[in-house]
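Geometric and topological summary
Here's the letter readout for the chains.
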Amino acid sequence: MQFSYQHQTEVSGHIGWGVRVLLLAAEGADAHDRIVMAITALGGVIDMETDGFAALETLSTDRTGFGLFVIDCDPFGGLEAGHKLVSLMHMGGVSMPVILVSTACPAPEFPADINAPIVLRAPLSAMALRVGFEHATRGRLVFHVA
């Protein structure tokens with residue numbers, strides 16, 4: 001007896017279909033373009049901010065609109081600055097999945113705590129972002145019509 005499995009690329013390729021992502025990154029940087037391309041390839045819809053405090057204000061005024069916050073930490077002071085922004089976000093009463101991207105990351109971190117940020121090493125690969133995106137949105141229910 002022979003079994004085969006048909007992989008549906010149009011369904012599985014867009015794990016973040018319709019997820020609104022706030023991206024904090026410096027415009028014009030190579031890392032910015034790489035992150036934008038990887039998020040859009042996963043189906044995410046990107047809103048951009050280039051200032052950390054403006055990003056926090058955006059998140060606090062639109063609490064239900066975003067499903068993920070991605071921070072390219074290196075242009076803003078490194079991984080420690082990214083953690084401080086996450087701490088400020090939580091102090092402001094905003095809770096959502098966060099992905100920090102930095103060259104100072106020795107190894108990727110995928111915490112079990114939903115409030116702890118996922119940390120990925122830069123330069124960010126499409127596969128690393130995919131795994132991070134899946135981990136960050138693991139509580140999100142998506143129903144597909146058969």
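The structure reproduced in this document is the subject of the present report. (Residues numbered from 1 in each chain as written. Predicted model: local features only at pLDDT ≥ 70, side-chain atom pairs only at ≥ 80, totals over all residues. Heavy atoms only, no water.)

A word on a nonpolar patch on the surface
The line we're drawing: A patch consists of residues whose relative accessible area exceeds 30% and which take part in no salt bridge; residues with like charges are grouped when within 9 Å of each other, and nonpolar side chains (Val, Leu, Ile, Met, Phe, Trp, Tyr) when within 5 Å. Only the protein chains shown count as covering a residue, and every accessible area follows the Shrake-Rupley method with a 1.4 Å probe. By definition, a salt bridge exists where a carboxyl oxygen of Asp or Glu is found within 4 Å of a side-chain nitrogen of Lys or Arg. We count a stretch as a helix when DSSP gives it H or I for four or more residues in a row; a strand needs E for two or more, and each element gets its number in order from the N terminus. Here's how the labels work: a residue is buried when its accessible area is under 20% of the maximum for its type, exposed when over 50%, partly exposed in between, all with a 1.4 Å probe on protein chains only.
Taken together, F53, L88 and M91 make up a surface patch of nonpolar side chains, about 360 Å² in accessible area. The topology assignment puts M91 in helix α4 (residues 79-91). We classify M91 as exposed; its relative accessible area is 66%.

Let's talk about empty space enclosed by the protein
This is how it is decided: Here the term cavity refers to a set of points on a 1 Å grid, laid over the protein atoms alone, in which a 1.4 Å probe fits but cannot get out; the term pocket refers to an open set having protein on both sides within 12 Å along at least five of seven lines, with lining residues being those that place an atom within 4 Å of a point. Grid points are joined across faces, edges and corners, and a volume is the space filled by probe spheres set on the points.
Inspection of every chain in the model, using the stated rule, returns one cavity of 30 Å³ or more. As a volume, the largest cavity reaches approximately 50 Å³. In this structure, the largest cavity is lined by P97, V98, P111, D113, I114, A116, P117, I118, H135, A136 and R138.

Quick notes on the side chain of E49
Quick note on the threshold: Counted as positive: Lys and Arg. Counted as negative: Asp and Glu, with His and the chain ends omitted from the count. We define a polar contact as two N or O atoms separated by no more than 3.5 Å, with the added condition that, inside protein, one atom must be a possible hydrogen donor and the other a possible acceptor, whereas residues neighbouring each other in sequence contribute only through side-chain atom pairs. Contact between two residues is taken to exist if any of their heavy atoms lie within 4.5 Å; hydrogens are not considered.
Along the chain, E49 falls in strand β2 (residues 45-49). Here E49 is buried and forms no salt bridge, its nearest opposite-charge partner R20 lying at an N-O distance of 8.9 Å. Within the structure, E49 has its side chain in polar contact with the side chain of T58 (distance 3.0 Å). Setting aside its immediate chain neighbours within four residues, E49 contacts L22, L23, L24, A25, A54, A55 and T58.

Quick look at the environment of V94
Assignment of secondary structure puts V94 in the loop between α4 and β4 (98-102). With a relative accessible area of 5%, V94 lands in the buried category.

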